[in-house]
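Each chain, written out:
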Amino acid sequence: MTTSSLRMTAALAAEHRARLLEIAEDVKFPEGYHVFEEGRLADRFWIIKSGTISLHMAVPGRRPAVIENLGFGELVGWSWLFPPFVWQLGAETMTPVRAQQFDARTVRMLMDADPALGSAVGQWVGRVLAHRLHAARVRLLDLYAPYGSGITD
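Residues numbered from 1 in each chain as written. Predicted model: local features only at pLDDT ≥ 70, side-chain atom pairs only at ≥ 80, totals over all residues. Heavy atoms only, no water.

Engineer: Pulling in residues and values, what's your account of the overall build of the protein chain?
Structural biologist: Within the protein chain one finds four helices and eight strands. Along the protein chain, from the amino end to the carboxyl end, the secondary structure elements read α-α-β-β-β-β-β-β-β-β-α-α. Within the protein chain, buried positions represent 39% of all 153 residues. Sequence-distant contacts in the protein chain: of pairs separated by 6 or more residues, those separated by 24 or more amount to 76%. For the protein chain, the accessible surface area stands at approximately 8500 Å², while carbon and sulfur atoms represent 55% of it. (Helix = DSSP H or I, 4+ residues; strand = E, 2+ residues; numbered from the N terminus. Buried < 20%, exposed > 50% of the residue type's maximum accessible area, 1.4 Å probe, protein only. Contact = heavy atoms within 4.5 Å. Areas by Shrake-Rupley, 256 points an atom, 1.4 Å probe, with all protein chains shown as cover.)

Following this line, the structure appears as structure tokens:
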């Protein structure tokens, strides 16, 4: 699965994208901005228009491990969809970022009101989540596993 197939433009039908984009808010973040922190309330998500955001995971006794860098068209944040709505990773801008921001509660209400939209968004976010879980596993093995114990596909 390529990251381009995980972008909203590839993952959602035009009518579903249009419904979401109606409620999007354009935002800008400077370089080095903490977009969200692990363990905090996940009440929104973003689609990157320009710039790079790094996802990181806390590792006890060590510096946070960078899991993945996200760029144009990519979804930033999935924890907003699953109770208890708490970020499972942290995110920080690596460059200045322009993004479309979505209020999670509003999107969940749209999903509840339109089952086809809800299914499409749920499947999209699920694919992103599966990709991020795999990326986290590979990255943590790269960083912390004994030499030669990496995975094979």
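Engineer: Give a detailed account of the environment of alanine 104, specifying residues and quantitative values.
Structural biologist: As for its placement among the helices and strands, alanine 104 is situated in helix H3 (residues 104-113). Taking the C-alpha atoms as reference points, alanine 104 and phenylalanine 85, 19 residues apart in sequence, are found 9.3 Å from one another. Contacts of alanine 104, omitting those with residues within four sequence positions, involve Ala42, Asp43, Arg44 and Trp80.

Engineer: So, the pairing of strand S7 (residues 90-93): which residues are in play, and what are the values?
Structural biologist: Both faces of the sheet carry side chains from a regular strand, because those side chains alternate between them. As defined by bridge partners, strand S2 (residues 34-36) adjoins S7 across two bridges and the pair is classed as antiparallel. When the sheet's bridge partners are listed, phenylalanine 36 is paired in S7 with alanine 91. With four bridges joining them, strand S4 (residues 53-57) and S7 adopt antiparallel strand pairing. For leucine 55, the partnering residue across the bridge sits in S7 and is alanine 91. (Pairing = 2+ DSSP bridges.)

Engineer: Explain the nonpolar core to me, and be specific about the residues and the numbers.
Structural biologist: By size, the foremost hydrophobic cluster in this structure holds 41 residues, and its most contacted members are Leu20, Phe36, Trp46, Trp80, Val121, Trp124 and Val125. When residues in this core are grouped by element, the largest group, eight residues, is from helix H4 (residues 115-144). Those residues in contact with leucine 20, other than ones at most four positions away along the chain, are Met8, Leu12, Phe102, Val107, Val121 and Trp124. (Core = buried A, V, L, I, M, F, W, Y, C linked by side-chain atoms within 4.5 Å.)

Engineer: Lay out the sheet that holds strand S6 (residues 75-76) in plain terms, naming residues and giving numbers.
Structural biologist: Note on sheets: strands pair through backbone hydrogen bonds, and any given pair is parallel or antiparallel. Taken together, the four strands give an open sheet; going across it, the order is S1-S8-S3-S6, and neighbouring strands pair in antiparallel fashion. Because the sheet does not close on itself, it has two edges, and the strands there are strand S1 (25-29) and S6. The pairing of strand S3 (residues 44-50) with S6 spans two bridges and is antiparallel. Its bridge partner being in S6, tryptophan 46 is matched across the sheet by valine 76. Against the sheet, H3 touches S3 and strand S8 (97-103), its axis set at about 55° to S8. (Axes fitted to C-alpha atoms, helices over the stretch in contact; angles between N-to-C directions.)

Engineer: Explain the environment of leucine 75 to me, and be specific about the residues and the numbers.
Structural biologist: You can see leucine 75 is positioned in strand S6. With a relative accessible area of 1%, leucine 75 lands in the buried category. In the structure, leucine 75 is positioned 28 residues away from isoleucine 47 in sequence and 4.8 Å away in space, judged by C-alpha atoms. If sequence neighbours within four positions are ignored, leucine 75 has contacts with Phe45, Trp46, Ile47, Leu70, Trp124, Val125, Val128 and Arg132.

Engineer: So what's going on with the sheet that holds strand S5 (residues 65-70)? Which residues, and what values?
Structural biologist: As summarised here, the arrangement of the four strands in space is S2-S7-S4-S5, forming an open sheet in which the pairing is antiparallel. Only two strands of the sheet have a single partner each, and these edge strands are S2 and S5. Sheet twist, expressed as the mean angle between neighbouring strand axes with direction ignored, is 30°.

Engineer: Residues and numbers for the environment of alanine 136, please.
Structural biologist: In this fold, alanine 136 is placed in helix H4. Excluding residues within four positions of it along the chain, alanine 136 makes contact with Met57 and Ile67.

The values are spatial; any link to function lies outside them.
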